[in-house]
Each structure stands twice: as C-alpha cells, then as structure tokens.
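A closer look at the structure
Each chain, letter by letter, is given below.
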Amino acid sequence: MILVTGVSGALGRLVFQGLSALDGPEVVAGTRGGDGTTARRIDFDDPASLGKGFAGVDVLVMISAGYAEDDVVLARHGAVADAAAEAGVRQVIYTSLAGSGERTTLALPHRWTENRLLQGPFATTVLRNGVYAELLGGLSAAGAGEAARSGVFSAALGTGRMSVVARADLADVTVRVAAEADRALAAGARSPHAGRTYELEGGTALGGDDIAALLAERYGRTVTYRPAPLSEARAALTDQGYEAYQVTHTLSLLSNAGAGFLESRTSDLPGLLGAPPRPVHDLVTKAAAG
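What you see as residue numbers is a count from 1 along each chain, following the sequence as written. Since the coordinates come from a predicted model, pLDDT governs what is reported: local features require at least 70, and pairs of side-chain atoms require 80 or more to be given and counted, while whole-chain, interface and lining totals use all residues. Hydrogens are left out, water is left out, and the side-chain values use all remaining heavy atoms of the structure.

Let us now look at the side chain of arginine 111. One can find arginine 111 in helix α4 (residues 107-118). Buried residues are those whose accessible area, probed at 1.4 Å on protein chains only, stays under 20% of the maximum for their type, while exposed residues exceed 50% and partly exposed ones sit between those limits. With relative accessibility at 12%, the residue arginine 111 sits in the buried group. Polar contact is the term for a pair of N or O atoms within 3.5 Å; when the atoms are in protein, one must be able to donate a hydrogen and the other to accept it, and sequence-neighboring residues count only if both atoms are side-chain atoms. In this structure the side chain of arginine 111 is engaged in a polar contact, spanning 2.9 Å, whose partner is the backbone oxygen of leucine 97. Residues are treated as being in contact if the distance between any of their heavy atoms lies within 4.5 Å. Residues in contact with arginine 111, not counting those within four places in the same chain, are Ser96, Leu97, Ala98, Gly99, Glu102 and Arg128. Each helix is a run of H or I in the DSSP string that is no shorter than four residues. Each strand is a run of E no shorter than two, and both are numbered from the N terminus.

Here you go:
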C-alpha cells in the first residue's frame, strides 16, 4: 500500500491522482482532516494520529509540511519519522529542496529531515525538488499588475535568474518512484530507488528581464524590468499580511536569485521523466498575470 500525505495541497493532490490512475498499486490519501473513508487522518501536528494512519503502509510519500517556523516543521517531520518506524513502513519518499537552494533559509528543515529519515529502519528516497514555475510567477504577480498599467515590471530579482520546473513534472517523477518502489517491495525485492537522492532542478532559468518579456507578450505592450531593492519587497510582503517566516523565506529566495545561486547546474529530472520537461514560460506568465 502507498500512502500520500498532504493531498489537499497542489503537489500531494497531483501525486495521489497520478498513482490512483495506475493499474496495480493500492493508494491511500492522507489529510489533516481525513474522514477515515476517502482519506486517512494524517495530522503532522497530532503525532497520536500518525500510528493509526500509517498502519499497513509499505510506501509513504511524505510531502513536506514546511508552512511554519522551523521548530514546528522539525517537530512535525520528526513525528512522522518516529511513527513510520513504529508502524513498519518499508520505504519513505520525501519531497525536499534542490541543491541550488542550499543557501536559502528553506534548506535547513529539509536537510534536517533528510538526515532524520536516513536514521530510520526504512529505506529512504529523497526527491530534491526545484523551484516551481508557478511560485516564480506568484512572486512576480504584484509587479505584473503594475507592468500592465505602466509598462514597468518591478521585482527584487536583481540581475540573477532562477531555474524553475513545472509542478506537474515533479509529481510525475514522484508517481514513478513510488509505483516502482511499491512494485519491487511486493515482489520481495529491494526498491531501485532505495537510498537514492535525486536532484530535480528545472532546466530553464528566468530573471527579471525574461519575465518582463513574457509580460510584454501577454499584454501586447512594451514592458521593461526595474530591479527593486529587497527592502521594498520586505515592506510589500509585510503590508500584504504575510507571516514573519513567509517574509523571511521569500526574501531569502529573492536574495539568492539576485546573487545568482538559484540556477541549476545538474538535474536528474529528464532521465526520471522519460520525456522532455514541460515548458515553464506559460506557467510563469499565467501565475504572474492571472
């Protein structure tokens, strides 16, 4: 049996849908408010819910629960590791952060979780996901609105670029890895992905000028890029009501992009997809201008 956590989120939902469409594996959804019928209750903030939720699970697809301060995330992920070990889960597949994000504030809970899982009695596969194209579009949304009005796209991306990947591609890789692990375990064999760490970086890097060009095409007008200071971005995020940790992580991404650290150098994505990665330009434009 395969259990996918976080199916109420975008990535978890895509993974669950992809696995459910396959012939063969028994797939179960896990959500914070699971009803016990269509989804099991898997609440990372309630460790007592996890033992029952993981009963009978061979392959656990653990979608990161990173929407909180670091100490909360570490407690959540540590509880999952403990419960998975106690329940006899045989393999955990964890969605982590790509190597290009190593200098960001997002990296710490991901790397801690990787190490924590590797100490467990189960096999572990780490999927180091690149930055979603949809996320870069979201980060550009405020500037895109101004670009439509004034022809100036302003964002705190400096002169750097960010390698991005379609969320659906990451889901497809997760589906493949989970299905192959489940098939191997059912046959009494070791999963071909056990003990592996895969870098799933996007192959397309976009910066402020690139996004301005995409918006120009979308709006049918000239759009120029104006690099904004990080202080301006901080004020805007605060004014929009972002939580303190969200402001910190967003500024860290922008700062790393501006410094040129978020461009990928290597990726296992094409080989695991078995097909060319999805184009990302439309995804960025839609998220920015939608």
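Once you've had a look at it, read on.
One requirement defines pairing of two strands: DSSP has to find at least two bridges between them. If you trace the 3 strands from one edge of the open sheet to the other, you get β7-β9-β11, paired in mixed fashion. Each edge of the open sheet carries a strand with a single partner, namely β7 (131-132) and β11 (204-207). As defined by bridge partners, β7 adjoins strand β9 (residues 161-165) across 2 bridges and the pair is classed as parallel. By the bridge assignment for β9, valine 131 is matched with valine 164.

The next thing to look at is the sheet that holds strand β1 (residues 2-4). Read from one edge to the other, the open sheet built from 7 strands follows the order β3-β2-β1-β4-β5-β6-β10, with strand pairing classed as parallel. In the strand order of this sheet, the two ends are held by β3 (40-41) and β10 (197-200), each with one partner. As paired strands, strand β5 (residues 91-97) and strand β6 (residues 123-129) are joined by 7 bridges and run parallel to one another. Across the sheet, residue isoleucine 93 finds its bridge partner in β6, namely threonine 125. On top of the sheet, helix α7 (residues 167-186) reaches β1, β4 (59-62), β5, β6 and β10; it is set at about 165° to β4, its chief contact. The angle between two axes is taken between their N-to-C directions and runs from 0 to 180 degrees, where each axis is a line fitted to C-alpha atoms and a helix contributes only its stretch in contact.

Here is the rule: rings of Phe, Tyr and Trp (six-membered ring for Trp) pair when centre to centre is within 6.5 Å. Planes less than 30 degrees apart are stacked, more than 60 are edge-to-face, and the remainder are tilted. Under the counting rule described, the total for this entry stands at 1 aromatic pair. Centre to centre, the rings of phenylalanine 153 and tyrosine 225 are 5.9 Å apart; their planes meet at 35°, and the pair counts as tilted. Within this pair, whereas phenylalanine 153 is found in strand β8 (residues 152-155), its partner tyrosine 225 is found in strand β12 (residues 224-227), the two being separated by 72 residues in sequence. Residue phenylalanine 153 is classed as buried on the basis of its relative accessible area, which comes to 0%. Of the residues examined, tyrosine 225 reaches a relative accessible area of 15% and is grouped as buried. Whether a charge sits over a ring depends on NZ of Lys or CZ of Arg being within 6 Å of the ring centre and within 35 degrees of the ring normal. Looking at arginine 103, its charged tip hangs above the ring of phenylalanine 261, at a distance of 3.9 Å from the centre.

Taken by themselves, the reported measurements are silent on function.
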